[in-house]
Amino acid sequence: MMSGVLGITDIWTYVLGTVAIIMLPGPNSLFVLSTAARRGVGAGYRAASAVFVGDGVLMILSAAGVASLLQAYPPLFLVIKYAGAAYLGYLGLGMLRGAWQRWRTRHDPATPPPSNADDPAHTPGPFRRALVISLLNPKAILFFVSFFIQFVDPSYAHPALSFLLLGLVAQMISALYLTALIFAGTFLAAQFHQRRRLAAGATTTVGALFLGFSLKLATAGS
């Protein structure tokens, strides 16, 4: 596709940039991976579908001019950023509690696996939790605020069509990447099934990463 077609100024730069941004480790992809590893392919795809919905909402808001609103009122973006940091911290602490339960029972085969009541990836509603992560994910917000809209020609007569095409490209790349993560997660699940020490270590790592994301968001400059 040539530059300027359908109001898109440089489609290949956008595609390459989108691939790079989506593949950067972040809370969305990590949550999908951990959910698939613990609950299987179906739960992984429910979490992934929430990411698609969340990104779709952010795309629509960006196209509707909310990007300009966030730029004009920086405190609004700070509220979203700190809310996202708090939620990621909550998820991380829940995962660490679940990992501690597994670790305490790792040598006792007679003890059933922990109920995972404190492990957000195990509790009902992976779609709801992934949707909240997606909507409060500053990486996604900044992508649609600062990167996404740069490739739409403002002089094009039908900018909605340009936004739609860019959105479809981003969603297709995201779908391929998250599908790879889901099946990687199911492979890991087979390894974790009877190995409580390994499962506890993996959950601890994921929980620590979520806490790291939370601290990074909370302390990053505006």
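Residues numbered from 1 in each chain as written. Predicted model: local features only at pLDDT ≥ 70, side-chain atom pairs only at ≥ 80, totals over all residues. Heavy atoms only, no water.

### Thoughts on the overall build of the protein
Then step 1. A count of helical and extended segments in the protein gives 9 helices and 0 strands.
Then step 2. Scanning the protein from its N terminus toward the C terminus, one meets helices and strands in the order α-α-α-α-α-α-α-α-α.
Then step 3. Sorting the 222 residues of the protein into buried and exposed places 44% on the buried side.
Then step 4. Long-range contacts, defined as pairs at least 24 residues apart, comprise 81% of the intrachain contacts of the protein with a sequence gap of at least 6.
Then step 5. Of the roughly 11200 Å² of accessible surface on the protein, a fraction of 72% belongs to carbon and sulfur atoms. (Helix = DSSP H or I, 4+ residues; strand = E, 2+ residues; numbered from the N terminus. Buried < 20%, exposed > 50% of the residue type's maximum accessible area, 1.4 Å probe, protein only. Contact = heavy atoms within 4.5 Å. Areas by Shrake-Rupley, 256 points an atom, 1.4 Å probe, with all protein chains shown as cover.)

### Concerning the UniProt feature "transmembrane region" (unreviewed entry) in the protein
Then step 1. In the numbering used here, UniProt assigns the "transmembrane region" (unreviewed entry) feature to residues 12–33, 45–70, 76–96, 130–151, 163–186 and 198–218.
Then step 2. From the first C-alpha to the last, residues 12–33 spans 28 Å; its make-up is 86% helix and 0% strand.
Then step 3. Span residues 163–186 is 100% helix and 0% strand, its end C-alpha atoms 34 Å apart. (UniProt positions renumbered as here; feature names shortened; annotations may be inferred.)

### Concerning helix H6 (residues 126–135)
Then step 1. Buried within H6 are the following residues: Pro126, Arg129, Ala130, Ile133 and Ser134. Taken around the axis of H6, the buried residues stretch over an arc of 135°, which confines them to a single face. (Arc of directions from axis to C-beta.)

### Looking at the packing of helix H3 (residues 41–63) against H6
Then step 1. In contact at an axis separation of 8 Å, H3 and H6 are set at 35° when each is read in the N-to-C sense. In this structure, H3 crosses over H6, and the sense of that crossing is right-handed. Judged by residue contacts, Ala43, Arg46, Ala47, Ser49, Ala50, Val51, Val53, Gly54, Asp55, Val57 and Leu58 of H3 engage Pro126, Phe127, Ala130, Leu131, Ser134 and Leu135 from H6.
Then step 2. The class makeup of the residues in the contact of H3 with H6 is 12 nonpolar, 3 polar and 2 charged. (Axes fitted to C-alpha atoms, helices over the stretch in contact; angles between N-to-C directions. Left-handed = near helix turned anticlockwise from the far one by under 90°. Nonpolar A, V, L, I, M, F, W, Y, C, P; charged D, E, K, R; others polar.)

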